[in-house]
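Descriptive analysis of the structure
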Amino acid sequence: MPVEEILGRVKAAGITLTYSNETKKLIAKPTSAVTPEIVAALRECREEIIDSLRPVKSEAEVFDLARGYFGLGDRGRDGSEDGRHQ
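Residues numbered from 1 in each chain as written. Predicted model: local features only at pLDDT ≥ 70, side-chain atom pairs only at ≥ 80, totals over all residues. Heavy atoms only, no water.

1. Some details on the overall build of the protein chain
Each helix and strand counted, the protein chain has four helices and two strands in total. Going from N to C terminus, the protein chain has its helices and strands arranged as α-β-β-α-α-α. With 86 residues in all, the protein chain has 19% of them scored as buried. Within the protein chain, counting contacts between residues at least 6 apart in sequence, those at least 24 apart form 39% of the total. As displayed, the protein chain has an accessible area near 6,600 Å², and 54% of this comes from carbon and sulfur atoms. (Helix = DSSP H or I, 4+ residues; strand = E, 2+ residues; numbered from the N terminus. Buried < 20%, exposed > 50% of the residue type's maximum accessible area, 1.4 Å probe, protein only. Contact = heavy atoms within 4.5 Å. Areas by Shrake-Rupley, 256 points an atom, 1.4 Å probe, with all protein chains shown as cover.)

2. Considering a nonpolar patch on the surface
A contiguous nonpolar patch, built from Y69, F70 and L72 and spanning about 390 Å² of accessible area, is present on the exposed surface. If you trace the backbone, L72 turns up in the segment after α4 (59-70). (Patch = residues over 30% accessible without salt bridge, like charges linked within 9 Å, V, L, I, M, F, W, Y side chains within 5 Å. Salt bridge = Lys/Arg side-chain N within 4 Å of Asp/Glu carboxyl O.)

3. A look at helix α1 (residues 3-12)
Three or more residues of α1 are buried, namely V3, I6 and V10. Down the axis of α1, the smallest arc covering the buried residues is 65°, so these residues share one side. With respect to the buried face of α1, the exposed residues turned more than 90 degrees away are K11 and A12. Turning to α1, the residues buried within the fold contact β1 (16-20), α2 (36-44) and α3 (46-53). Of the residues flanking the end of α1, it is G14, one or two places downstream, whose phi is positive at about 75°. (Arc of directions from axis to C-beta.)

4. Quick word on the environment of Y69
Residue placement: Y69 occurs in helix α4. According to the relative accessible area criterion, Y69 is exposed, its value standing at 58%. As for Y69 and V3, which are separated by 66 residues in sequence, their C-alpha atoms are 9.8 Å apart.

5. Focus on the pairing of β1
Pairing of β1 with strand β2 (residues 25-29) involves five bridges; the strand directions are antiparallel. Its bridge partner lying in β2, T18 is registered against I27. The hairpin formed by β1 and β2 contains four residues between the paired strands, and K24 there has a positive phi angle of roughly 60°. (Pairing = 2+ DSSP bridges.)

6. Let's talk about the pattern of salt bridges
Oppositely charged side chains may form a pair once their charged atoms are brought near each other. Summed over the entire model, instances satisfying the criterion amount to three salt bridges. Here E5 and R9 are joined by a salt bridge, their closest N and O atoms 3.1 Å apart. With E5 and R9 both in helix α1 and four residues apart, this pair spans about one turn of that helix. Among the salt bridges present, the one from R46 reaches E47, with a minimum N-O distance of 3.0 Å.

Shown next, in the form of structure tokens:
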């Protein structure tokens, strides 16, 4: 299952995900909303989910995340394929 779909299911269930650098654990609350299916999906894509929870460090990273999330491919800020106007 794609990470976006897992995160959509988590959100729809009203679950909040956080990551503890101290314990190296992914935390889902409220635990009463976490189903065995959600646990399995979170385990399957744990590293990708943790990466998505880390703070963004640069504007370029924001654009990369947005392109991935919206399926825009490798476009530049101006919408051209390589980021340069023609």
